[in-house]
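Structure at a glance
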Number of protein chains: 4
Amino acid sequence: MSDGYMWPDNKRMAVCISFDFDGPSPYLWNSRESAQVVLGELEQRRFGPRVGVWRILELLDDLAIQASFFVPGAIADSHPAAVEAILSAGHEIALHGYMHERVEQLTPAELYDVLDRSISALVKVGVSGPLGYRSPSWEMTADAWNALKERDVAYDSSLMGSDVPYTMDGMIEVPVDWALDDAVFYRFTPGTVRPPVTPRHLIEAWHEEIGASKRYGALVVLTMHPWMSGRAGRAVALRALLERCAADPEIWLATAGAIAAHHRSNYGTDSSFRLRPGRIRAECVQEI
Amino acid sequence: MSDGYMWPDNKRMAVCISFDFDGPSPYLWNSRESAQVVLGELEQRRFGPRVGVWRILELLDDLAIQASFFVPGAIADSHPAAVEAILSAGHEIALHGYMHERVEQLTPAELYDVLDRSISALVKVGVSGPLGYRSPSWEMTADAWNALKERDVAYDSSLMGSDVPYTMDGMIEVPVDWALDDAVFYRFTPGTVRPPVTPRHLIEAWHEEIGASKRYGALVVLTMHPWMSGRAGRAVALRALLERCAADPEIWLATAGAIAAHHRSNYGTDSSFRLRPGRIRAECVQEI
Amino acid sequence: MSDGYMWPDNKRMAVCISFDFDGPSPYLWNSRESAQVVLGELEQRRFGPRVGVWRILELLDDLAIQASFFVPGAIADSHPAAVEAILSAGHEIALHGYMHERVEQLTPAELYDVLDRSISALVKVGVSGPLGYRSPSWEMTADAWNALKERDVAYDSSLMGSDVPYTMDGMIEVPVDWALDDAVFYRFTPGTVRPPVTPRHLIEAWHEEIGASKRYGALVVLTMHPWMSGRAGRAVALRALLERCAADPEIWLATAGAIAAHHRSNYGTDSSFRLRPGRIRAECVQEI
Amino acid sequence: MSDGYMWPDNKRMAVCISFDFDGPSPYLWNSRESAQVVLGELEQRRFGPRVGVWRILELLDDLAIQASFFVPGAIADSHPAAVEAILSAGHEIALHGYMHERVEQLTPAELYDVLDRSISALVKVGVSGPLGYRSPSWEMTADAWNALKERDVAYDSSLMGSDVPYTMDGMIEVPVDWALDDAVFYRFTPGTVRPPVTPRHLIEAWHEEIGASKRYGALVVLTMHPWMSGRAGRAVALRALLERCAADPEIWLATAGAIAAHHRSNYGTDSSFRLRPGRIRAECVQEI
C-alpha cells in the first residue's frame, strides 16, 4: 500500500505547516537594480508583517500547532517583534536568505556572505542550534548545496525529488512541492496574468492531497506566506484545514526540523533508507 | 476574534462598492505612442459609458446603495451625461487621473499637471469638496503620494497594506485588494492569455470573502469597471451579491469617502489606531 | 427591466450560433514569414475541415438550427465539399478574410485585395447576395471599416461596443464578446500557457449568460471553431446547450445575417434606435 | 451516431493509457546551452524515475492494464532497472528521442542520428520488433516524418488531425490531444504562470471526455508523465479513472502499438478508411 517510509508512533503520514515570512524582501531583491521602487507592491507585501503574521500566530496558537517559519535576515532585522513572537510561541525559525536572494544568481563568495549574514540575523533575535534552510524561490545549485554543508545547515527544504525525507550528498532534504505552495495559487503581483484561486479551491485541493498521501505514507509540506495566506478569507479557510489535520490521529504534524531529525535518527545521512528500487545516490549535476 | 478596528453603529465590518469608470482611457494612454489605434479594443471599452454604466446605476438605484465612482477627467469631459447621472443619483465621484496615466511613468511636473487637470474636469461637472483619489492601475510612488498631499486629496484608495483604513505619512488609505478587482478575473483584451472567469465564480468568491472578513472586522472594497461588470451576465450576478450585502445588518455599506471620514474622525491621521503589534509608522520607501 | 431593444415576434432576446471555419489558415498567415511550417499545429487545425465541421453539421441538422459560418476564401478554395455542404444545409456563409489576415497588419491596398479575393472565393462556391463579414481575430481599423463599406458589405460581426445590434458610421454591427468565443476557453496551441477549460465549464457558463441576457433583452452571439468545438466532448456538450436554446420560446435563434436584416428594417442605419442615454454617433478613432 | 470507425470485438471506442517517461531529459535538452543547470528543476523531474514510475507500475499491475511507455534513450541508459520493470510487466516501450530533442530544432542529419541512438538504447534494454514513436513536445516536420518512414517506425503518436487512427503519407498515426495530456494541466516549472489543476478536476474532465467519445466511436489517448502523475494525489485519482475504464465493456483498452496494428490490419496504410467526406490524402506541408 505505502512506499514504506516509517513515521514515528505508527503515524501513516506527516504534515509540515511552514511559512516563508518574506514580506517585501523578494520584491526589493528583484528590483535592486531598478531606479524606482513602487509603493503599491511594497504595501501589498507589508501586509504580511503588519497583519498577516499575527492572524497566523493566533490561528496556530488556537490549534496548538507548531509550525516552521523561514525568515530572511532582513525581516528579522526590521521586524524583531514579529520574529520574537514567533519564537516565543515555540515555532521553528529557519534560514531563507538575507534579502531573499536567488542562489542561482549569486557567485560562490556571495553565497557564503549571504548565508553568514542571514545566520547572524537569526542568532541576534535568539534563534539557536543548527538551523534549517529553505532557498528563496526554491532554486538550488551545486555551489549553494556545498555552501549549506560547509555551514553545517541541519537540513534543506527546497527540492522536490521525493515526497518523503531523503538524503542527497550527505544532507537531508525535507521536500516541498509547487502544488503545496500558496504563492502558486494566490500571488497576484504586477505582471501576473491569471487571477488568484479562491481559498475554498486551494484548501479543498490540499485536503484531498493530504488524504491521498496517506495511501503512500508520504510527507505533505505546506508552504505559505503571511502576506498572502494572512488575508481574511484565506486565514479562515486555512483554519478549517488545520483543524482537520490537528484532529486526525493518522497524521504526524511536525516542524521541518523535527522531520529532519526523525530522518537523521532513523535513516541517517548515508541514505540507508532505500527508495524503490534503490537508494538515492549522491547525485551529481551531470546525472539524469 | 477581530483585529479590533471599530466601525460605526457596532457594525462588524464594512463593504465599499466602487467603480473605476475608465472606459477606453487606459487603452488610449497605453497606446499613446502607437501609430495605430485599433477599433476593436476601443469598442470593447466603449461598452462601459454606452451601456454598462446605465445598468449599474439602475442596479444601485433599485437597492438604494451609494457607491464610489473613480472617473478619469477625460471621461467626465467626453461623457458628461453619464457623470451627471452618477452625481445626481447621490454617488461619490472621485479622482482617477486625466487619461488614466500610470503614476510611475510620470515626472513630478507631469504628476501635478495630470492631477490639476483631473480635478478641474470633475469640478466642471459639479463635483465639490475635498476629493478622494484612486491611482490608475493601483500604482504608487513617493512622488505621487506627495503630490496628492500637496493638493489636499481627502484619501487614497489604491494600496493593500492592510484591510482596514490606515494612515501612511499623514494621508488616509482606504485599501484595495487584487482579489476584489473585477478586472483581475474578467478582463480579456488582446494579449490576455487566460479566459475570463464566470460571473458565478467571482460573485461566490466575493461572497465568501465578505463572510470571512466578518471574523476580522475587516473592510472589503470591491472594485469594478462598467465595461466589464456591466455585461449582462455579470450585472445579474452582481445584483444577487449586492442584495445580500444590503440585507446584512452586520455590514456597514459605505462609500470610500464615508469610510475615510470615519477613520479621520475616530482615529485621526496621526495613526493613533494601533495595528497589532504597533502603529503603522510613516513609512519611507527604503524601509522594508 | 430590459434595455429596450425590440426583437421579432415579441421574443425576449436573440441568440446567434456562429462558426469561424478557419482551419489552418490563421496559423499559415501568422507563420507566413517563418522558414518552417510545423506539421503538429497544421494537423491539429485540419481536424476542423476533416472531422469537426461534419459533426457540427449533423448536430445543427438534428436540431433544425440555421447557423452562420464565416469562411476564409482559402478554406472555400481548398475544402469546397465542406463549404457546399454548409450551403446546401441552408446555413449562412459570410466573409472572414482570404487567409485569415489580421486587418491591422494590412496596407489599404492589401485590405481591398484581400476583400476582393475572399468575396470571389465565396461567390465561386455559390454564395450570393450582399455578404456579411467577420474580421479575423476580431481586429478592426478605420481603414478596414471603410473598405467594408466601399464593398457594400451587409454587416460586420467583430466588435463589442454593445450587446444589441448597432450602427457605427452607417454600417450595422452584430456584436460579439470574448466571453462567448470558444477559442478563448478551448484553444491550446504551442506557446499557450493555460489549460483548456472543460466542455461542461464553458457550456454552463454560456447557458447562464443566455439566461441573464433575457433580463436586458440582449443578443448572444456564440462564436465557435470546428477544429475546437468539433472535438467529441465539446460537440456533445454543445448539443446539450443548443437543445435548450432551440426549445426556449423566449429566444429568437437566428443567423447574423437575419439579425442584421432585422436591425436594418426596424432601426435603419441612421441609428434611430437610441441606446440610453443617447444614440451611438458615427464614431471617429480619436473620440473616447 | 458514430463517425463509423470500427473497433475490435464490437467495442464502441478505444482508450490508450500512455506515459512519456522523460524525467529530466526535456530540461537537460532545453538548457543544453545554459552555463548552469539548476538542481531544483532536475530534482522535481527525478521524482519520475525515483518514485512516480513505481507507483504507476503498481497501479497498472493491480488493474491488469497494459500501457504504452515512450522512453527517451537517455532514460533507458540511466535507469535500466525501471525500464526493465516496465518491459517485464508486459507494457509497450516505444521511441521518444534520445534526450527529448525537439524535431523542429534538428537538422536532417541530426534527426537520423538521434533516431538511431534512441533505437539502440531501447534495443539494448531488450525492446524488440518494429518500434512506435512519439515526438518530444508533439512537434513534427516533413523531414522528421520522412526519417521515421526511412527507419521503418511502426506508427507515430504525436499529431491531432483526427480522433481515430489515420494514415498520413503511408504511416499510421495514433492521434493525441492537448486536452488529454497531463502536462497541460499539471506541469509547474520555473516560468509557468498558472497553477496546476487539481487531480479531481483533470480526472473528471477525462472521464467526461471518454463518455462523450463513445458517441463518435473515437479513440482517447491519455498521455501522462511519471514525474507529474506519479505524485500521491494524482496517482490516487488516476487509479479511480482507470478502474472505471477497465470495468467498462464498451471500451477497448489497448496499447498504442495494438491500436496501430488494428488499423493496419483493417484499414491498411493506403487509407482505405474514408473519413467523411473523403479519405485523408497524403498531405503536403503547403496544403491547407
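Refer to the structure presented above.
Residues numbered from 1 in each chain as written. Chains lettered and ligands numbered in written order. Predicted model: local features only at pLDDT ≥ 70, side-chain atom pairs only at ≥ 80, totals over all residues. Heavy atoms only, no water.

Details of the overall build of chain A
Broken down by element type, chain A carries 11 helices and 9 strands. Relative to the 2.2 N^0.38 estimate, which gives 19 Å for 288 residues, the radius of gyration of chain A is 18 Å and therefore close to what a compact globule would have. Reported as C-alpha extents along the three principal axes, the dimensions of chain A are approximately 55 × 45 × 40 Å. Residues counted as buried form 65% of the 288 residues belonging to chain A. Across chain A, the fraction of contacts at a sequence separation of at least 24, relative to all contacts at a separation of at least 6, is 71%. The centroid of the 27 positive side-chain charges in chain A is displaced by 4 Å from the centroid of its 38 negative side-chain charges. (Helix = DSSP H or I, 4+ residues; strand = E, 2+ residues; numbered from the N terminus. Rg over C-alpha atoms; globule rule 2.2 N^0.38 Å. Buried < 20%, exposed > 50% of the residue type's maximum accessible area, 1.4 Å probe, protein only. Contact = heavy atoms within 4.5 Å. Lys, Arg positive; Asp, Glu negative; His and termini not counted. Charge placed at Lys NZ, Arg CZ, Asp CG, Glu CD.)

Quick notes on the relation of the copies chain A and chain B
Superposing chain A onto chain B takes a rotation of 90 degrees combined with a translation of 0.0 Å along the rotation axis, leaving an RMSD of 0.0 Å. Taken together, the rotation angle and the small translation identify this as a four-fold axis. Relative to the rotation axis, the C-alpha of Arg194 of chain A is the closest in chain A, positioned 4.5 Å from it. (Least-squares fit on C-alpha atoms with pLDDT ≥ 70 in both.)

Looking at the interface of chain B and chain C
The partner chain C presents 41 residues to the 39 residues of chain B that form the contact. The contact between chain B and chain C buries some 3,500 Å² in all, and 60% of this surface belongs to carbon and sulfur atoms. Sorting the residues of chain B by area buried against chain C places Leu39, Arg50 and Arg55 of chain B first, and these three jointly supply 17% of that buried surface. Inspection of the chain B/chain C interface yields 4 salt bridges. Here Arg200 of chain B and Glu208 of chain C are joined by a salt bridge, their closest N and O atoms 2.6 Å apart. Counting residues per element, the ones that place at least two in the side of chain B that touches chain C are α2 (39-63), α3 (73-78) and α10 (232-246) of chain B. Tallied by class, the residues present in the side of chain B that touches chain C amount to 21 nonpolar, 7 polar and 11 charged. (Buried area = accessible area lost by both parts, 1.4 Å probe. Salt bridge = Lys/Arg side-chain N within 4 Å of Asp/Glu carboxyl O. Nonpolar A, V, L, I, M, F, W, Y, C, P; charged D, E, K, R; others polar.)

Examining the pattern of salt bridges
If charged atoms from side chains of opposite charge come close, those side chains can pair. On inspection of all chains with the given rule, the structure shows 78 salt bridges over all chains. With its nearest N and O atoms 3.6 Å apart, the salt bridge here joins Glu58 of chain A to Arg215 of chain B. One end of the pair, Glu58 of chain A, is in helix α2 (residues 39-63); the other, Arg215 of chain B, is in helix α8 (residues 199-216), on a second chain. Under the relative-accessibility criterion, Arg215 of chain B is labelled buried at 15%.

Brief notes about the relation of the copies chain B and chain C
In screw terms, the move from chain B to chain C is a rotation of 90 degrees and a rise of 0.0 Å along the axis, fitting with an RMSD of 0.0 Å. Here only 5% of the contact residues of chain B are again contact residues in chain C; the copies associate through non-equivalent surfaces.

What about the interface of chain A and chain B?
On the side of chain B, 41 residues touch chain A, which itself brings 39 residues to the contact. Carbon and sulfur atoms make up 60% of the surface buried where chain A meets chain B, a total of about 3,500 Å² over both sides. For the chain A face of the interface with chain B, the top three residues by lost area are Leu39, Arg50 and Arg55 of chain A, together amounting to 17%. Our count for the contact surface shared by chain A and chain B stands at 4 salt bridges. The partner of Arg55 of chain A in a salt bridge is Asp163 of chain B, and the shortest N-O contact between them spans 2.9 Å. Run the count over chain A and chain B and you get 8 residue pairs in polar contact (both at pLDDT 80 or more). Secondary-structure elements contributing two or more residues to the side of chain A that touches chain B are α2, α3 (73-78) and α10 (232-246) of chain A. Examining the composition of the side of chain A that touches chain B, we find that 13 residues originate from one element, α2 of chain A, more than from any other. A class-by-class count of the residues in the side of chain A that touches chain B yields 21 nonpolar, 7 polar and 11 charged. (Polar contact = N/O pair within 3.5 Å; in protein donor to acceptor, adjacent residues only side chain to side chain.)

Concerning the packing of aromatic side chains
A complete count under the given rule lists 24 aromatic pairs over all chains for this structure. Aromatic pair Trp7 of chain B and Trp252 of chain B: ring centres 6.2 Å apart, planes at 50 degrees, arrangement tilted. Of the two residues, Trp7 of chain B sits in the segment before β1 (13-20) while Trp252 of chain B sits in strand β9 (residues 251-253), which places them 245 residues apart along the sequence. Both rings, one in Phe19 of chain C and one in Phe69 of chain C, keep their centres 5.0 Å apart while their planes meet at 25 degrees; by these two values the pair is stacked. (Phe/Tyr/Trp six-rings, centres within 6.5 Å; stacked < 30°, edge-to-face > 60°.)

Side note on the arrangement of the chains
Spatially, chain A is disjoint from chain C: no contact exists, and the shortest C-alpha separation is 9 Å. When C-alpha atoms are compared, chain B and chain D, though not in contact, are closest at a spacing of 9 Å.

Section: the environment of Thr107 of chain C
All names here are of chain C. Positionally, Thr107 belongs in the loop between β3 (92-95) and α5 (108-124). What makes Thr107 partly exposed here is its relative accessible area of 39%. Along the backbone, Thr107 and Asp143 are 36 residues apart, and their C-alpha atoms lie at a distance of 8.7 Å.

Considering the environment of Gly129 of chain A
As for its position among the elements, Gly129 of chain A is in the loop between α5 (108-124) and β4 (132-133). Along the backbone, Gly129 of chain A and Ser157 of chain A are 28 residues apart, and their C-alpha atoms lie at a distance of 17 Å.

Focus on α2 of chain B
All names here are of chain B. The first and last C-alpha atoms of α2 sit 35 Å apart over 25 residues, in line with the 36 Å expected at 1.5 Å per residue. The largest bend along α2 measures about 45 degrees and falls at Gly52. Remark: Ala64 follows α2 within two positions and exhibits a positive phi of approximately 55 degrees. (Expected span 1.5 Å × (residues − 1). Bend = angle between axes of the 7 residues up to and from the residue.)

Regarding helix α11 (residues 256-267) of chain B
An α-helical turn contains 3.6 residues, so any two residues separated by three or four positions project in the same direction. All names here are of chain B. The first and last C-alpha atoms of α11 sit 16 Å apart over 12 residues, in line with the 16 Å expected at 1.5 Å per residue. Considered for burial, the residues of α11 that qualify are Ala256, Ile259, Ala260, His262, His263 and Tyr267. For α11, the angular spread of the buried residues around the axis is 155 degrees, confining them to a single face. After α11 finishes, the residue Gly268 shows a positive phi value of roughly 70 degrees. (Arc of directions from axis to C-beta.)

Here we look at unusual backbone geometry
Residues and elements named next belong to chain D. For Asp9, which is not glycine, the phi torsion reads 55 degrees and is therefore positive. We note that Ser137 has phi near 60 degrees; this positive angle belongs to a residue other than glycine. The topology assignment puts Ser137 in the loop between β4 (132-133) and α6 (142-150).

Brief notes about a nonpolar patch on the surface
On the surface, a nonpolar cluster with roughly 220 Å² of combined accessible area is contributed by Val193 of chain A, Val193 of chain B, Val193 of chain C together with Val193 of chain D. Here Val193 of chain B is to be found in the loop between α7 (182-186) and α8. Residue Val193 of chain B is classed as partly exposed on the basis of its relative accessible area, which comes to 32%. (Patch = residues over 30% accessible without salt bridge, like charges linked within 9 Å, V, L, I, M, F, W, Y side chains within 5 Å. Areas by Shrake-Rupley, 256 points an atom, 1.4 Å probe, with all protein chains shown as cover.)

Concerning the pairing of strand β1 (residues 13-20) of chain D
All names here are of chain D. The buried count for β1 comes to 8 of 8 residues, which makes it a mostly enclosed element. Covered by surrounding structure in β1 are Met13, Val15, Ile17 and Phe19 together with Ala14, Cys16, Ser18 and Asp20, the residues of both alternating faces. Relative to strand β9 (residues 251-253), β1 runs parallel, the two being bridged by 3 bridges. Within the sheet, the bridge partner assigned to Ala14 lies in β9 and is Trp252. Where β1 lies against strand β8 (residues 219-224), 6 bridges are found, and the strand directions are parallel. (Pairing = 2+ DSSP bridges.)

A closer look at the pairing of strand β2 (residues 68-71) of chain D
Residues and elements named next belong to chain D. Burial along β2 is two-sided: the residues Ser68 and Phe70 and Phe69 and Val71 are all buried. Where β1 lies against β2, 3 bridges are found, and the strand directions are parallel. Residue pairing in the sheet places Ser18 in a bridge with Ser68 of β2.

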